[in-house]
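Breakdown of the fold
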Amino acid sequence: MELLRKETEAEFEQFMRSHHNGSFMQSLSWPKVKNNWGYDGIISRDSAGAIQGAMLVLLQKAPFFGSSFMYAPRGPVCDLNDRAVVKDLTDGVHALARKHNAYLFKMDPDVLASDEQFIKLTTELGYTYNKGGDNFETIQPRFNYRLNLTGRTEEEIFANLTQKTRYNVRVAMKHNIEVKACGKEMLDEFVRVYKTTGERDGFNTRPKSYFERMMDAMGENCRLYLGLYEGKVISGAISTQYAGKTCYVYGASDNDHRNVMPNYLVQWEMIKWALEGNSTVYDFQGVSGVLDESNHLYGLYRFKRGFNGELVELAGEFDIVFKPISNWLINLGIDVNEKLAKVKKKLRKK
């Protein structure tokens, strides 16, 4: 085990980019997006000196405590059932905890909930396993919707869409929806419809500066897609392409002209980009695991399901608590702040 150094960053990034378990959130580009976090990293090597496992760890100082929260989004990246490598990386977690005076470490690897071997391994190594709920209670979504692209042509994938989704893609084409891959100069238009979506669907939105950082940091691995109707932007999405996966990360749609189905054509164009980039997976990202039409989040699942992929249930979160009292007090403070924010939100609506 070794900790990340400036001299090993290029090697670290190349490993992340080429490993089948790699994620854009484990790229060294990601801390440039999350610029209110620090970062560090861990490397495990085999007997020949080649990297066999690695993990990017984001760092955030807790106010008043001087301790750090350490978080590895979609880490570690390795053979997740190789005990020796996972243990080596876990030894690195403890080394980082000492270096950064951490009170808590959290990771949420891309591992299935059915992988009992990994869950047993991490428990034996001192992690506390938190499966999480069926909606969006964990930091990263626990249920993702994914479309396998391996060995499939564009024609085969289109033919395999549900009848209704094929129809909706064609509706957008019939109405001459124009889908463009754009640069940062069009972010104002994306943010406009993104804020409209947030107000309509009740979620907090990110500022334009966040998306500027994302496009700058990830470069050609990040694209802004916009859907235009009669020259006006009415739909948009931001996607990433990294480690053999294309991920739909942010989406937006205006309240007007939803009947011309722009979102379907935007998704189809991003799937085509995934095929052009030789991605093995197109990841629609999070959905609710409560597949009940009365669930207010069901519409998101219904939209993504139309592309005839697979609902994937991930295991959840794995924690190591280094300072139990600090962890309890900080979590209590977070709970209080969240409750106060909800009260303020309700008062503003009155």
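Look above for the structure.
In short, a report on the structure.

Conventions we followed
Residues numbered from 1 in each chain as written. Predicted model: local features only at pLDDT ≥ 70, side-chain atom pairs only at ≥ 80, totals over all residues. Heavy atoms only, no water. Axes fitted to C-alpha atoms, helices over the stretch in contact; angles between N-to-C directions. Helix = DSSP H or I, 4+ residues; strand = E, 2+ residues; numbered from the N terminus. Parallel < 35°, antiparallel > 145°, perpendicular 65-115°, else oblique. Contact = heavy atoms within 4.5 Å. Nonpolar A, V, L, I, M, F, W, Y, C, P; charged D, E, K, R; others polar. Phe/Tyr/Trp six-rings, centres within 6.5 Å; stacked < 30°, edge-to-face > 60°. Buried < 20%, exposed > 50% of the residue type's maximum accessible area, 1.4 Å probe, protein only. Pairing = 2+ DSSP bridges. Right-handed = clockwise from strand over helix to strand, strands pointing away. Polar contact = N/O pair within 3.5 Å; in protein donor to acceptor, adjacent residues only side chain to side chain. Patch = residues over 30% accessible without salt bridge, like charges linked within 9 Å, V, L, I, M, F, W, Y side chains within 5 Å. Areas by Shrake-Rupley, 256 points an atom, 1.4 Å probe, with all protein chains shown as cover. Salt bridge = Lys/Arg side-chain N within 4 Å of Asp/Glu carboxyl O. Arc of directions from axis to C-beta.

1. Looking at the packing of helix α6 (residues 163–174) against helix α9 (residues 262–276)
- In the contact formed by α6 and α9, the axes pass within 8 Å of each other and the chain directions differ by 100°. Relative to α9, the element α6 is oriented roughly perpendicular. Seen from α6, the contacting residues are T165, N168, V169, A172 and M173; seen from α9, they are Y264, L265 and W268.
- Residue classes in the contact of α6 with α9 are distributed as six nonpolar, two polar and no charged.

2. Focus: the packing of aromatic side chains
- One pass over the structure, following the stated rule, counts 26 aromatic pairs.
- Ring centres of Y282 and F284 lie 4.8 Å apart, and the angle between their planes is 80°; on these two criteria the pair is classed as edge-to-face. Each member of the pair, Y282 as well as F284, is classed as buried.
- Here a set of aromatic residues connected by ring pairs shows up, and it is made of Y145, Y264, Y282, F284, Y298, Y301, F303 and F307.

3. Observations concerning the pairing of strand β12 (residues 245–253)
- Counting buried positions along β12 gives eight out of nine residues, so the element sits mostly inside the fold.
- By the bridge criterion, eight bridges tie strand β11 (residues 232–242) to β12 in an arrangement that is antiparallel. By the bridge assignment for β12, S235 is matched with S253.
- Between β11 and β12, which follow one another and run antiparallel, lie two residues, and A243 among them has a positive phi close to 55°.
- In this structure, β12 lies alongside strand β13 (residues 281–286), joined through three bridges in parallel fashion. Within the sheet, the bridge partner assigned to C247 lies in β13 and is D283.
- Once you follow β12 into α9 and on to β13, the crossover reads as right-handed.

4. Focus: the side chain of S68
- Inspection of the secondary structure assignment puts S68 in strand β4 (residues 68–72).
- The class for S68 is buried, based on a relative accessible area of 4%.
- Polar contacts involving the side chain of S68 include one to the main-chain carbonyl oxygen of H100, which spans 3.0 Å.

5. Quick look at a nonpolar patch on the surface
- Together, F64, F65, I325, W328, L329, L332 and V336 make up an exposed nonpolar region whose accessible area comes to about 810 Å².
- Position of L329 relative to the elements: it lies in helix α11 (residues 324–349).
- By relative accessible area, L329 is classed as partly exposed at 36%.

6. Things to note about the environment of V290
- One can find V290 in the loop between β13 and α10 (298–305).
- Each C-alpha atom of the pair V290 and G133 lies 9.6 Å from the other, and the pair is 157 residues apart in sequence.
- Setting aside its immediate chain neighbours within four residues, V290 contacts D134, N135, N295 and Y298.

7. Points about the side chain of N21
- With respect to the secondary-structure elements, N21 resides in the loop between α1 (9–18) and α2 (30–33).
- At 2.8 Å, the side chain of N21 and the backbone oxygen of C78 are in polar contact.
- Setting aside residues up to four positions removed in sequence, N21 forms contacts with V77, C78, L80 and K245.

8. Notes on the pairing of strand β2 (residues 38–45)
- The pairing of strand β1 (residues 2–3) with β2 spans two bridges and is antiparallel. Bridge pairing in β2 places E2 opposite I43.
- Between β2 and strand β3 (residues 51–61), which pair antiparallel one after the other, the connecting turn spans five residues, and G49 there sits at a positive phi close to 90°.

9. A look at α1
- Three or more residues of α1 are buried, namely E9, F12, E13, F15 and M16. Seen along its axis, α1 keeps its buried residues to an arc of 160°; they face one direction. Among the exposed residues of α1, those oriented more than 90 degrees off its buried face are A10 and S18.
- Looking at the buried positions of α1, the neighbouring elements they touch are β2, β3, β5 (77–78) and β11.

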